[in-house]
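Reading the structure
Residue strings, one per chain:
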Amino acid sequence: MNMKLPVVIAALLAATLTFSTLASASAEPAMSPHQLVEDVTGKLLGDIARYREAVNKAPSEAQKTALMNEFFASLQTTLEPAIDFNWIALNVMGKHRNDATPEQVERFTKAFTQGLVETYGRGLLSYSNQKIVVIPSTEDVGDKRRVTVRQEIQGADAKYPLLYSMGLNRRGEWKVVNVIINGINLGTTFRNQFAQAYSQSGGDLDKVISNWATQVPQG
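All figures in this text were calculated on a predicted structure; none of them were measured in a lab. Position numbers for residues start from 1 in each chain and track the written sequence from start to end. Only residues with pLDDT of at least 70 are given local features in this predicted model, and only at 80 or more are side-chain atom pairs given and counted; all residues enter the totals for whole chains, interfaces and linings. Heavy atoms from the whole structure form the basis of all side-chain values; hydrogens and water molecules are not counted.

Describing the nonpolar core
Counting residues in hydrophobic clusters, the biggest one holds 50 residues, and the most contacted among them are Leu79, Val92, Phe108, Phe112, Tyr164, Met166 and Phe194. Here this core takes eight residues from helix α4 (residues 102–125), the largest share from any one element. Among the buried residues, those of types Ala, Val, Leu, Ile, Met, Phe, Trp, Tyr and Cys that are joined through side-chain atoms within 4.5 Å form a nonpolar core. Each residue is placed in one exposure class: buried if its accessible area under a 1.4 Å probe, protein chains only, is under 20% of its type's maximum, exposed if it is over 50%, and partly exposed if it falls in between. Helical segments are the DSSP runs of H or I of at least four residues, strand segments are the runs of E of at least two, and each set is numbered from the N terminus.

Okay, structure coming up:
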């Protein structure tokens, strides 16, 4: 995947989720799927505008690091209403979560969330002149509990399609549950990454979690 893409919603999801927690059709969502994507996208672009220039002009590495940490915290606050990081992390672990202790699940969730937010947060700061467009829905959501929201990142010489799989939870809130960027399924990618690390470690979950945490970019 071209990491120069404005990975705005790439940070919104990591794992392909099941829908065991989806709401009944009678729940009335506070925000529609398309509204959610537009709202979060706008807030993320605001985060970029507030921090990019300040980070680039920071007079010292210490101040740059402090500003980056502020940006990551702001980014996570923006994303949390649209994402259940705990649920995502469990699904990234896949069947191996059955072998994990509550403490291991907690540690992986923290490492996964930090890695996701920081990795894509750095990508967000490189966002430049591309335009992000949510494609209007051609059908009524009605009583559906699963929908796909389509978006495009439009650059000077190319368009990159994004597909957001969205589900309705028990509180009547739409959540992004998977993202496909330019044909790359992020849910499958992260899930396979965890499975491969588990296999290579000989089933040592502590090692997998520790290695995942050390892969978080620094500086």
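Still to come is the rest of the account.
Considering the packing of α4 against helix α5 (residues 186–200)
Axis definition: a line fitted to C-alpha atoms, over the contacting stretch in the case of helices. Angles run 0 to 180 degrees between N-to-C directions. Two numbers describe how α4 lies on α5: the axes approach to 14 Å, and their chain directions differ by 130 degrees. Taken together, the axes of α4 and α5 are oblique relative to one another. Relative to α5, the crossing made by α4 is right-handed. Where α4 abuts α5, its residues Phe108, Phe112, Leu116 and Tyr120 lie against Leu186, Phe190 and Phe194. When grouped by side-chain class, the residues that make up the contact of α4 with α5 number seven nonpolar, no polar and no charged. Here the angle decides the label: under 35 degrees means roughly parallel, over 145 means roughly antiparallel, 65 to 115 means roughly perpendicular, and every other value means oblique. If you view the pair so one helix is near and one far, a crossing is left-handed when the near helix is turned anticlockwise from the far one by less than a right angle, and right-handed when it is turned clockwise. Between two residues, a contact is recorded if the distance between any of their heavy atoms is within 4.5 Å. Amino acids are sorted into nonpolar (Ala, Val, Leu, Ile, Met, Phe, Trp, Tyr, Cys and Pro), charged (Asp, Glu, Lys and Arg) and polar (every other residue, Gly among them).

Description of the pattern of salt bridges
Salt bridge criterion: a side-chain nitrogen from Lys or Arg within 4 Å of a carboxyl oxygen from Asp or Glu. Scanning all chains against the criterion turns up seven salt bridges. Measuring nitrogen to oxygen at the nearest pair gives 2.3 Å for the salt bridge that ties arginine 50 to aspartate 47. Separated by three residues within a single helix, arginine 50 and aspartate 47 lie in helix α1 (residues 33–56), roughly one turn from each other. On the accessibility criterion, arginine 50 (53% relative accessible area) is exposed. Between lysine 57 and glutamate 53 there is a salt bridge, with its nearest N and O atoms 2.7 Å apart. Residue class for lysine 57 comes out exposed when judged on its relative accessible area of 60%.

A word on the sheet that holds strand β2 (residues 146–154)
Within a sheet, each strand pairs with its neighbour through backbone hydrogen bonds, oriented either parallel or antiparallel. In this description, strands pair whenever DSSP reports at least two bridges between them. The antiparallel open sheet is built from five strands, whose spatial order is β1-β2-β3-β4-β5. Whereas interior strands pair on both sides, the edge strands pair on one side only; in this sheet they are β1 (131–134) and β5 (184–185). For β2 and strand β3 (residues 159–168), the ladder comprises nine bridges, and the chain directions are antiparallel. By the bridge assignment, glutamine 151 is partnered in β3 with leucine 162.

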